[in-house]
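Working through the structure, step by step
Each chain is listed here by its residues.
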Amino acid sequence: MNALVYRGLTLFFKNKQAVVGSFIGAFIMIGLYVFLLGDSMIKQLSMLSQPQLVIDTWMLAGVIGIVSASSTLGSVSQLIRDKERNVYTDFMISPISKKHIMLGYFLSTFFISMFVTLGVIIVSELYIVFISNGALLSFKQFGLLILASLLTVLCSSAFMFFIASFFRRIDTFSTMTSIIGPLLGFLTGCYVPIGSLPEATGNVIQYFPLTSGIVLIRKILTENAFASDSPKIALAVQKELGIVLNYQHDVLIPVMILIVSSVLFLGIALWNVKRIELTR
């Protein structure tokens with residue numbers, strides 16, 4: 001299993017297109033912020049003491065969340081390539097446990113996404129401190145941010161692994177990823193503030209598992225930006241931007257959603273792979 005994990009890491013970082021593709025969602029998010037939404041959102045938040053910092057941290061939290069999801073798309077595609085080239089079949093008829101083989105693919109996806117996400121977190125923190133003139137996260141805040149990102153990556157990896165379990169051709173999967181990548185940005189409220197969406201759409205977004213992870217990241221990253229504002233005004237803005245959702249005042253609920261969703265997606269994916277193998 002360790003060899004499969006190392007193989008997945010090596011093949012991903014050698015594939016420049018896969019690495020660049022992991023940041024497509026982030027590029028879309030930054031583009032929307034810079035060219036379309038940024039100035040208007042800052043003007044709407046003029047009641048805050050640091051509207052620019054609030055929007056910057058909100059945007060960067062979305063970038064971290066989107067990258068944690070989109071980076072799994074490139075790494076999990078190795079499973080599809082191996083299926084198409086019959087490398088996967090060679091692994092399956094080897095004496096290695098099938099469960100260990102599938103966990104090897106999953107763990108390589110998880111580690112790749114975590115490495116990429118950590119890199120984006122560091123760049124985001126540098127941007128907040130040196131460009132936005134924000135405060136450096138405390139050791140506790142940084143630790144919570146890493147934990148929230150880890151849970152988000154875990155859920156994203158399990159979700160994409162579940163999606164990949166239905167595909168056997170890389171061209172079909174690539175078409176799907178070109179749709180699901182940008183779609184994730186809308187389903188998690190990263191491209192458009194949740195408060196500006198219709199109620200029905202907002203309800204769908206807040207119960208989408210990955211949204212819980214991005215909400216946790218937003219809470220941590222924007223905490224210092226709201227420090228000098230009235231709690232009442234801050235709460236209203238946080239609801240509008242999707243930093244606080246109806247059921248997520250308690251941190252335990254989004255954490256449980258992420259963990260349970262990860263177990264379910266991974267369990268269904270492993271069952272689906274086993275089912276397909278038995279029917280061949």
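Here the residue numbering is sequential within each chain, running from 1 through the sequence in written order. Residues qualify for local features only when their pLDDT is at least 70, as the model is predicted, and side-chain atom pairs are given and counted only at 80 or more; totals for whole chains, interfaces and linings, by contrast, use all residues. Calculation of side-chain values draws on the structure's entire complement of heavy atoms; hydrogens and water are dropped beforehand.

Under the scheme used here, helices are H or I runs from DSSP no shorter than 4 residues and strands are E runs no shorter than 2 residues, and both carry numbers assigned from the N terminus. For Ser 124, the location among the structural elements is in helix H6 (residues 98-130). On the accessibility criterion, Ser 124 (3% relative accessible area) is buried. Along the backbone, Ser 124 and Ser 40 are 84 residues apart, and their C-alpha atoms lie at a distance of 22 Å. When sequence neighbours within four positions are dropped, the list of residues in contact with Ser 124 reads Leu 60 and Ile 64. Categorising residues by exposure relies on relative accessible area from a 1.4 Å probe, with only protein chains included: less than 20% of the type maximum marks a residue as buried, more than 50% marks it as exposed, and the intermediate range marks it as partly exposed. Residue contacts follow a heavy-atom distance rule, with two residues in contact if any of their heavy atoms lie within 4.5 Å.

UniProt positions are given in the numbering used here, feature names are shortened, and annotations may be inferred rather than shown by experiment. Per the UniProt record, "transmembrane region" (unreviewed entry) is annotated on residues 20-38, 58-80, 101-130, 142-164, 176-194 and 251-273. In the segment residues 142-164, helix accounts for 100% and strand for 0%; the C-alpha atoms at its two ends are 32 Å apart. Helix makes up 63% of residues 176-194 and strand makes up 0%, while its end C-alpha atoms are separated by 25 Å.

So, on to unusual backbone geometry. The phi torsion at Asn 133 lies on the positive side, around 60 degrees, for a residue other than glycine. Structurally, the position occupied by Asn 133 is in the loop between H6 and helix H7 (139-164).

Moving on, we come to the pattern of salt bridges. Two side chains carrying opposite charge are able to pair once their charged atoms lie near each other. We define a salt bridge as a side-chain nitrogen of Lys or Arg found within 4 Å of a carboxyl oxygen belonging to Asp or Glu. In total, this model carries one salt bridge according to the counting rule given. Here Arg 169 and Asp 171 are joined by a salt bridge, their closest N and O atoms 3.5 Å apart. Judged by its relative accessible area of 47%, Arg 169 falls in the partly exposed class. What makes Asp 171 partly exposed here is its relative accessible area of 40%.

Unoccupied space between atoms shows up once a probe the size of one water molecule is rolled over them. Lining residues are those with an atom within 4 Å of a point, where the points come from a 1 Å grid over the protein atoms alone and group into cavities, where a 1.4 Å probe fits but cannot get out, or pockets, open sets with protein on both sides within 12 Å along at least five of seven lines. Grid points are joined across faces, edges and corners, and a volume is the space filled by probe spheres set on the points. For the structure on display, the rule yields two cavities of 30 Å³ or more. Here the largest cavity is characterised by a volume of approximately 50 Å³. Of all elements in the fold, only helix H4 (51-84) and H6 reach the threshold of two or more residues within the lining of the largest cavity. In the lining of the largest cavity, the residues fall into six nonpolar, two polar and one charged. Contributing to the lining of the second largest cavity are Gly 65, Ile 66, Ala 69, Thr 152, Leu 184, Thr 188, Leu 210 and Ile 214. Sorting the residues of the lining of the second largest cavity by element identifies H4 and helix H10 (209-222) as the ones contributing at least two each. Under the scheme applied here, ten amino acids are nonpolar (Ala, Val, Leu, Ile, Met, Phe, Trp, Tyr, Cys and Pro), four are charged (Asp, Glu, Lys and Arg), and all others, including Gly, are polar. Residues belonging to the lining of the second largest cavity are distributed by class as follows: five nonpolar, three polar and no charged.

Moving on, we come to the nonpolar core. Among the nonpolar cores identified, the biggest contains 74 residues, and Phe 159, Phe 161, Phe 173, Leu 184, Leu 221 and Leu 241 are the most heavily contacted of them. Here the element with the most residues in this core is H4; it accounts for 16 residues. Once you skip the residues sitting within four places of it in the chain, Phe 173 turns out to touch Leu 73, Val 76, Ser 77, Ile 80, Ile 163, Ala 164 and Phe 167. Nonpolar cores were defined as sets of buried Ala, Val, Leu, Ile, Met, Phe, Trp, Tyr and Cys residues, with membership established by side-chain atoms within 4.5 Å.

Glancing now at helix H1 (residues 2-14). Since there are 3.6 residues in each turn of an α-helix, residues three or four apart along the chain are aligned in direction. The end-to-end C-alpha separation of H1 is 18 Å, in line with the 18 Å expected for 13 residues at 1.5 Å each. Among the residues of H1, Leu 4, Val 5, Gly 8, Leu 9 and Phe 12 are the ones counted as buried. Buried residues of H1, viewed axially, fall in a sector of 135 degrees; they line one side. Exposed side chains of H1 directed beyond 90 degrees from the buried face belong to Asn 2, Ala 3, Tyr 6 and Lys 14. Expected span, for any helix, means 1.5 Å times one less than how many residues it has. In this description, one arc is meant: the one made by directions from the helix axis to the C-beta atoms.

Turning to the packing of H1 against H6, a few remarks are in order. Packed helices, taken two at a time, are described by the angle their axes make and the gap between the axes. In contact at an axis separation of 8 Å, H1 and H6 are set at 45 degrees when each is read in the N-to-C sense. As summarised for this structure, H1 and H6 are arranged oblique, according to the angle between their axes. In this structure, the crossing between H1 and H6 has a hand that is right-handed. Judged by residue contacts, Leu 4, Val 5, Arg 7, Gly 8, Leu 9, Phe 12 and Phe 13 of H1 engage His 100, Ile 101, Gly 104, Tyr 105, Leu 107, Ser 108, Phe 111, Ile 112, Phe 115 and Val 116 from H6. Split by residue class, the contact of H1 with H6 holds 12 nonpolar, four polar and one charged. Orientation is described by lines fitted to C-alpha atoms, with helices fitted over the stretch in contact, and by angles between N-to-C directions that extend from 0 to 180 degrees. Any angle from 65 to 115 degrees is called roughly perpendicular, while one under 35 is roughly parallel, one over 145 is roughly antiparallel, and all others are oblique. Here is the rule for handedness: rotate from the far helix to the near one, and if that takes an anticlockwise turn smaller than a right angle the crossing is left-handed, while a clockwise turn gives right-handed.

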